[in-house]
Amino acid sequence: MGDKDKLISDEPIEGDGGSASFKNDRRQELNFRGPWYLASGFLLFWALLFFAVVIPLFYHLPKGLTMEDASKGLFIAERAQNHLYEFDEIGTKVVGSDGNENKTVDYLMGLVAEIQESCLEEYFDVEVDLQEVSGSYIHWTMINQYQGVQNIVIKLSPKNSTSETYLLVNSHFDSKPTSRSAGDAGEMIVSILEVLRVMCTTPQTFQHTIIFLLNGAEENPLQASHGFITQHKWAKNCKAVINLDSAGGGGSDIVFQTGPNSPWLVEHYKKSAKHPLATTMAEEIFQTGILPSDTDYGIFVKYGNLIGLDIAQFINGYFYHTKYDRFANIPRGSIQSTGDNLLSLVRSLSNATELANTAAYATGHVIFFDVLGLYFISYTESNGVILNYAVAAITLILIIVSIWRTASVSCVSAGYVISRFILILVLQIIAFVLGVGMPVAIAYVFDKYGLSLTYFSTPSLLIGLYICPSLLGLSLPSYFYLKLQRSVAFAQQLQLVLNGHAVVLAILGIGLTVYGLRSTYVVTWTLIFFVIPLAINLLTTLHDRGFSWTGVLKIFQVIPFLYNSYLIYTFLVTLIPMMGRFGRSTNPDLIISALNALGTILALGFLIPLINMFRRPSLILFSLLAISAVTIYTATSTQIGFPYRAKTNVQRLPYLHVRRTFYEYDGTVVKDESGYLFNFQDRRGPAPLEEAKVNLTGLVSIAADCEKVMMCGYPLYDHRWVKNREQIMWLPRETQIVPPFVPVLQLVAKTELGNNTMRYEFNTTTTDHTSVFIQPEEDVTIVNWSLLLAYIGQQTTSHLYYSSGKHILPLSFYIDFWKPNGDFNVPVTQLGVGAHSIGNKGDAISQEFASSLPSFAALVEWPASYQRFIF
């Protein structure tokens, strides 16, 4: 080994053989660094690798099969796509509407009948049941009560089967207002029907009966699945569920919930899915409840004690729940991808021996993830814990060996190298904090000045807004250290810098494992591909030969770079559209900036320090700074940074045309006013409308009303409106609104029950979507009622969400009130009734107001009445 490759001290160190020729040797060593212009090529290589490998694999879809392949027993996307077109043409499918309860049900029942006729009778029995069901349960902070919602239930049984265990396959056909639901979840519905067709027309039998559930009230929320699992005659035999839903459409589908405690389900997915896409990290994020979504999967687990897989489309979430959720957005390849996976998975699970006794195979959680859609890895949580600790321990051991080797070949003491490494470790902790903190700081400042969501329509801005600042934060401490250090060889110092980063990740991995996060696998596998080249370099002595060790490292870093950038890109594609409906109370940029920072650290944490292999690395740092500066200017000073675009990246704008009337105890009207009630879905709120010159004169928050009046005194639509009520805004209107429907609430009877208790019986006419709020006076207690008993006392103001499917029926209920003094000739309770006329466009003034709103706003609006009574 030449002198240039040794650790050479600038000054003699006690007990060590120092060198008087340090400056000359250091100058020679620095001369072996690459030309400055190759540093930019080094970073460009990784950027090109991302766009050449990650992006194509992420968006890859299989070729959609046509009717020419129908005889092969395969999923035929062309046929499913034809059905999706007809499904889309029906229009919106809101629960209670003719489109949902009649047109869609009739269309789907016709398809089911057609499939039933084509089934192989010698192999299968097919039964079809159109369920109309009523019930109630507690959902978030409200009683979710429904009547007459519909389910299409198909039972496919192998001939002479003795198994009493059923596999449930579920999706929904209803929609949000304005949406034709091609993506959410028409694509899943037609995929289920095509799987049913293939299963029952192919002479390939299976062990367990399959229940295909097409449910007609998921958006309402989750009512039809509750009605099925708690009341249907076939529900008690269902042991596992494949739940299919969507937060977008037109791409691949992702497994984002499994189990609970059933690793064997993931193993079946692993061996059967033709286009795997799944990650434990998605499961843990979803189950925190921070995302604005629910699925039927939770209902089946909670009320049916089922296990299963929750699978969803997620790409292009911008059109989710808007009028742009149309057939044209769903390519045939997307349907083929979903259908291939679903058909293989149904075949696998319907033959699973574990399904006969699922409790016997409840062995804990599982860690799972796909690698670029090409390969699927899974292992139990217990094995994951062992792997996490083992990799962290091996990392620390090899770093100790690396330090010892550095000292051994450099004629310096191990203590001296350790002292330098401790300093480096502190700097790498600072680098980690800066790598996260700088993007988050930018997100905070942008939001402070009302500039959140600048990346919403132009995700490429994320590079300059968050990725470049993160790279700067990761680079600066080591850059200054390497520039200023004067005591040891440069290449070895650079190795120590990477060792420091590995120690930070190892400590992080240990901490996250102790905390119980299965997503720690991301840190562990990132470390694995640092540990392997480190071991190779130590074994081959490349570790001691200048920059020779970097070649092996860079080769092995290709895998974690590809995986981590693929993983984070998956979350960005999912979450960025969600930020447009994340509400006003949370800064969404903090989430997106932190996610970008995490991806940068995991994908490039071992690579960005290598810019110091080249001369003048400061040019790279200045380039990163310049990219960030230009991006910040572009995002803040040009139209590129405006979040919304017509049709493609819309601002969701739900609002109600409200007439609200307050009646006193004696029946006199003390308030009667009209206006528009806005539930802004994104952080920017009304600002984009004001920038578009919409007349919002008089727009005010209703938060002050919420402190004084029961449930703010407005017809809050559902649990999400109630949760967001302090962010909702009111725009008064001079001309009174005449709602299409105003409920008639009657106190039918008062019956003394004794013991200072009085029963009040009520009856009210309703629309297909009605909310009732109940708030007794301070000295009054609800002791019983005809609603869900478990809900009594859970909320200061009780909320009953009542919806009707096939037929609209009046709502009748009673409440038993108790008062200490037994005096019921005074005000006892307030009742508020909000009736929603979904699908009605409102009067001429309301329609004119709607037409004045900008094209980038996706309107979801209807008339509603609200009456407050005192009894």
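Residues numbered from 1 in each chain as written. Predicted model: local features only at pLDDT ≥ 70, side-chain atom pairs only at ≥ 80, totals over all residues. Heavy atoms only, no water.

1. Regarding the overall build of the protein chain
- Each helix and strand counted, the protein chain has 22 helices and 21 strands in total.
- The C-alpha radius of gyration computed for the protein chain amounts to 31 Å, which stays within 12% of the reference 29 Å derived for 871 residues, consistent with globular compactness.
- The principal-axis extent of the C-alpha atoms belonging to the protein chain is close to 105 × 70 × 55 Å.
- Relative to its 871 residues, the protein chain shows a buried fraction of 60%.
- Of all intrachain contacts in the protein chain linking residues separated by at least 6 positions in sequence, the fraction that spans at least 24 positions is 81%.
- For the protein chain, the accessible area works out to roughly 32800 Å², and carbon and sulfur atoms hold 58% of it.
- For the protein chain, the distance from the average position of its 59 positive side-chain charges to the average position of its 71 negative side-chain charges is 9 Å. (Helix = DSSP H or I, 4+ residues; strand = E, 2+ residues; numbered from the N terminus. Rg over C-alpha atoms; globule rule 2.2 N^0.38 Å. Buried < 20%, exposed > 50% of the residue type's maximum accessible area, 1.4 Å probe, protein only. Contact = heavy atoms within 4.5 Å. Areas by Shrake-Rupley, 256 points an atom, 1.4 Å probe, with all protein chains shown as cover. Lys, Arg positive; Asp, Glu negative; His and termini not counted. Charge placed at Lys NZ, Arg CZ, Asp CG, Glu CD.)

2. Some words on the nonpolar core
- One finds Leu 498, Phe 561, Ile 592, Leu 610 and Phe 678 to be the most contacted residues of the largest nonpolar core, which totals 131 residues.
- Of all the elements, helix H16 (residues 549-579) adds the most residues to this core, at 16 residues.
- Within the second largest apolar cluster, 66 residues are counted, among which are Ile 152, Val 195, Val 266 and Val 366. (Core = buried A, V, L, I, M, F, W, Y, C linked by side-chain atoms within 4.5 Å.)

3. Observations regarding the sheet that holds strand S17 (residues 781-785)
- Read across the sheet, four strands follow the order S14-S15-S19-S17 without closing on themselves; strand pairing throughout is antiparallel. In the strand order of this sheet, the two ends are held by strand S14 (745-754) and S17, each with one partner. For this sheet, the mean angle separating the axes of adjacent strands, direction not counted, is 30°.
- Here S14 runs beside strand S15 (residues 757-764); their pairing, made up of eight bridges, is antiparallel. When the sheet's bridge partners are listed, Gly 754 is paired in S15 with Thr 757. (Pairing = 2+ DSSP bridges. Axes fitted to C-alpha atoms, helices over the stretch in contact; angles between N-to-C directions.)

4. Here we look at unusual backbone geometry
- Of the consecutive residues Asn 220 and Pro 221, the connecting peptide bond is found in the cis state with omega at 10°.
- Take Pro 221: it is sitting in the loop between strand S4 (209-215) and helix H6 (223-231).
- Here the residue pair Gly 259 and Pro 260 is connected by a cis peptide bond, since its omega of 5° sits within 30 degrees of zero.
- Among the secondary structure elements, Pro 260 is positioned in the loop between strand S6 (253-259) and helix H7 (263-272).
- One non-glycine residue with positive phi stands out, namely Leu 453, at about 65°.
- In this structure, Cys 712 is a non-glycine residue whose phi angle is positive, near 70°.
- With respect to the helices, strands and loops of the structure, Cys 712 is situated in the loop between helix H20 (703-708) and helix H21 (719-723).
- Take Cys 712: its relative accessible area is 1%, and that puts it in the buried class.

5. Thoughts on the packing of aromatic side chains
- The full count for this structure, using the stated rule, is 50 aromatic pairs.
- Between the aromatic rings of Phe 490 and Phe 547, the centroid separation amounts to 6.3 Å while the plane-to-plane angle is 70°, which identifies the pairing as edge-to-face. In this pair, Phe 490 sits in helix H14 (residues 490-515) while Phe 547 sits in the loop between helix H15 (521-540) and H16, placing the two residues 57 residues apart along the sequence. Take Phe 490 and Phe 547: they sit in the same class, and that class is buried. (Phe/Tyr/Trp six-rings, centres within 6.5 Å; stacked < 30°, edge-to-face > 60°.)

6. Overview of the pairing of strand S1 (residues 124-139)
- Direction of pairing for S1 relative to strand S2 (residues 142-158): antiparallel, over a ladder of 15 bridges. Note on S2: the bridge partner recorded for Val 126 is Leu 156.
- Taken together, S1 and the strand that follows it, S2, pair antiparallel across an intervening segment of two residues, in which Trp 140 is found at a positive phi of about 55°.

7. A word on a nonpolar patch on the surface
- A contiguous nonpolar surface patch, about 380 Å² in accessible area, is contributed by Val 385, Tyr 389, Leu 396, Ile 510 and Val 514.
- Breaking the nonpolar patch down by element, the ones donating at least two residues are helix H11 (381-410) and H14.
- Looking at which element gives the most residues to the nonpolar patch, the answer is H11, with three residues.
- The residue Val 385 is located in helix H11 in this model.
- In this structure Val 385 comes out as partly exposed when scored by relative accessible area, which is 31%. (Patch = residues over 30% accessible without salt bridge, like charges linked within 9 Å, V, L, I, M, F, W, Y side chains within 5 Å. Salt bridge = Lys/Arg side-chain N within 4 Å of Asp/Glu carboxyl O.)

8. Remarks on the state of the cysteines
- Following the criterion strictly, the structure yields two disulfides and no others.
- The disulfide partner of Cys 119 is Cys 200, and the gap between their sulfur atoms is 2.1 Å. Here the S-S torsion is close to -70°, and the disulfide linking Cys 119 with Cys 200 is therefore left-handed. Taken together, the residues Cys 119 in the loop between helix H4 (98-118) and S1 and Cys 200 in helix H5 (residues 182-201) connect sequence positions 81 residues apart. Just as Cys 119 is buried, Cys 200 falls in that class too.
- For Cys 706, the disulfide goes to Cys 712, at an S-S distance of 1.9 Å. When the S-S torsion is 100°, as for the bridge of Cys 706 with Cys 712, the disulfide is right-handed. Of the two residues, Cys 706 and Cys 712, neither departs from the other in class, the shared state being buried. (Disulfide = S-S within 2.5 Å.)

9. Looking at the packing of H6 against helix H9 (residues 296-304)
- Contact geometry for H6 and H9: axes closest at 9 Å, N-to-C directions at 25°. As far as their axial angle goes, H9 and H6 are roughly parallel. Relative to H9, H6 is oriented so that their crossing is right-handed. Along its contact with H6, which presents Ser 225, His 226, Phe 228, Ile 229 and Thr 230, the element H9 presents Asp 296, Ile 299, Phe 300, Tyr 303 and Gly 304. (Parallel < 35°, antiparallel > 145°, perpendicular 65-115°, else oblique. Left-handed = near helix turned anticlockwise from the far one by under 90°.)

10. A word on the confidence of the model for the protein chain
- In the predicted model, the protein chain carries a mean pLDDT of 94, and 96% of its residues have values of at least 70.
- Residue range residues 1-28 is modelled with pLDDT below 50. Its contacts to residues more than four positions away, or to other chains, number 48 contacts. (pLDDT = per-residue confidence, 0-100.)

11. Some details on the environment of Gln 830
- Tracing the backbone through its elements, the reader meets Gln 830 in strand S20 (residues 829-836).
- Taking relative accessible area as the criterion, Gln 830 reaches 12% and is therefore assigned buried.
- Not counting the four nearest positions on each side in its chain, Gln 830 is found in contact with Met 710, Phe 773, Ile 774, Gln 775, Glu 777, Arg 868, Phe 869 and Ile 870.
- Engagement of the side chain of Gln 830 in a polar contact is seen with the side chain of Arg 868, the distance being 3.3 Å. (Polar contact = N/O pair within 3.5 Å; in protein donor to acceptor, adjacent residues only side chain to side chain.)

12. Remarks on the pattern of salt bridges
- Tallied over the entire structure, the rule returns 21 salt bridges.
- Here Lys 72 ties to Asp 69 by a salt bridge, and the two come within 3.0 Å at their closest N and O atoms.
- Residue classification places Lys 72 among the exposed positions, given a relative accessible area of 53%.
- With a relative accessible area of 15%, Asp 69 lands in the buried category.
- Across the pair Arg 660 and Asp 705 runs a salt bridge whose closest N-O atoms are separated by 4.0 Å. Note that Arg 660 is positioned in strand S10 (residues 651-663) and Asp 705 in helix H20, a separation of 45 residues in sequence.

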